[in-house]
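The chain contents come next:
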Amino acid sequence: MSTDGTDAANGRKPLVAILSGAGISTDSGIPDYRGPDGVWRKDPDAEKLVTYAYYMSDPEIRRRSWQMRLNGPALRARPNAAHEAVVRLERSGVPVRVITQNVDGLHQMAGMPDRKVLELHGTARAVVCTGCHARSEMAKALERVRAGVPDPACDRCGGILKSATVMFGEALDPMVLAEAVAIAKACEVFIAVGTSLQVQPAASLAGIAAEHGARLVIVNAEPTPYDPLAERVIREPIGRALPALLEELAEG
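Just so you know, these numbers come straight off a predicted model, no measurement behind them.

Describe in detail the pattern of salt bridges, supporting the description with residues and values.
Using the criterion set out here, one finds 8 salt bridges in the structure. A salt bridge links E60 to R63, with the nearest nitrogen and oxygen atoms 3.2 Å apart. Highlighted residues: E60 and R63, both in helix α3 (residues 59-71), separated by 3 residues, approximately one helical turn. A salt bridge links R62 to D151; the nearest nitrogen and oxygen atoms lie 2.8 Å apart. In this pair, R62 sits in helix α3 while D151 sits in the loop between α6 (138-146) and β6 (161-165), placing the two residues 89 residues apart along the sequence. By relative accessible area, R62 is classed as buried at 8%.

Written as structure tokens, this is what we have:
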């Protein structure tokens, strides 16, 4: 992923970095986690299903996790107006890089090129073996769950399978994080949308961007710790606010 093409003085449009959180996908039917009606607030025990230590040590947690994946909305969801607005901005010729905390793959499904999307927390559309690290499609693993295998093991080594997401208790991929930091430093506009900016180190990207001279814009229903650094804070619904904001950027 390149961060080139940011020098407006040379006639090139400035690089726009978009950090997206769960709030951008709620209009697609995927609930957020930390908002007033978030999953963790309604059912704090659900956090165990995506916590690495619990997942690895408790077969019952794994069985519940597989049922959550099977019945959850993430893999059935479709992109919404906010995802589509990001694609329109990219196709208008503005250099855009998406750094997402989401694992739903909706930015790519909407049409963003893979190379322009950094998935900080991995993807729910793949599984990985915790033993041999073999990677395969989530859809194939879920076929086994539907067929009556409540906790499918790795076909190659028999190890424990998990979604290719970063669970609580796991570290982010250092290469992905380093690339996200480089983008935050290089961009001229940094938009944080649908994120509480409370989960580190992802939240720190907003501060890094502001420290390096980027115009920081926050689009989120609730206040965030980085609001005082923002040039603009927008509390309107994301499905309306983000398309309008990105249309402004596309028009210069």
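Outline the sheet that holds strand β7 (residues 189-193), listing residues and values.
Ordered in space as β3-β2-β1-β7-β8-β9, the 6 strands form an open sheet in which the pairing is parallel. Each edge of the open sheet is held by one strand with a lone partner, namely β3 (117-119) and β9 (232-234). Here the average twist between neighbouring strands, direction ignored, is 15°. Pairing between β7 and strand β8 (residues 215-219): 5 bridges, direction parallel. Bridge pairing links I191 to V217 in β8. Together, β1 (16-20), β7, β8 and β9 form the strand contacts of helix α9 (residues 238-250), whose direction differs from that of β7 by roughly 170°.

Explain unusual backbone geometry to me, using residue names and the numbers behind them.
Cis geometry marks the peptide bond from Q200 to P201; its omega dihedral reads 5°. Within the secondary structure, P201 sits in the loop between β7 and α8 (204-211). The phi torsion at H133 lies on the positive side, around 70°, for a residue other than glycine. Located in the positive-phi region is L197, a residue other than glycine, with phi close to 55°. Along the polypeptide, L197 turns up in the loop between β7 and α8. With relative accessibility at 2%, the residue L197 sits in the buried group.

Tell me about the pairing of β1, and name the residues and values.
Of all 5 residues making up β1, 5 are buried, and the element is well covered by its neighbours. In β1, alternate side chains face the same way, and those of V16, I18 and S20 on one face and A17 and L19 on the other are all buried. The pairing of β1 with strand β2 (residues 96-100) spans 5 bridges and is parallel. Within β2, the residue paired with L19 across the bridge is I99. Sheet topology places β1 next to β7; 5 bridges connect them, and they run parallel. Looking across to β7, one finds that A17 is bridged to F190.

Rules of the game
In this numbering scheme, every chain counts its residues from 1 along its sequence in written order. In keeping with the predicted nature of the model, local features appear solely for residues at pLDDT of at least 70, side-chain atom pairs appear and are counted solely at 80 or more, and the whole-chain, interface and lining totals rest on all residues. Neither water nor hydrogens contribute to the side-chain values; these are computed over all heavy atoms in the structure. Each reported salt bridge corresponds to a side-chain nitrogen of Lys or Arg within 4 Å of a carboxyl oxygen of Asp or Glu. Secondary structure follows DSSP: runs of H or I at least 4 residues long count as helices, runs of E at least 2 residues long count as strands, and numbering of each begins at the N terminus. Residue exposure (1.4 Å probe, protein chains only): buried if accessible area is under 20% of the type maximum, exposed if over 50%, otherwise partly exposed. The pairing criterion is simple: DSSP has to find at least two bridges between the two strands. Axis lines are fitted to C-alpha atoms, over the contacting stretch for helices. Their N-to-C directions set the angle, which ranges from 0 to 180 degrees. Throughout, a contact is declared for two residues whenever any of their heavy atoms are within 4.5 Å.

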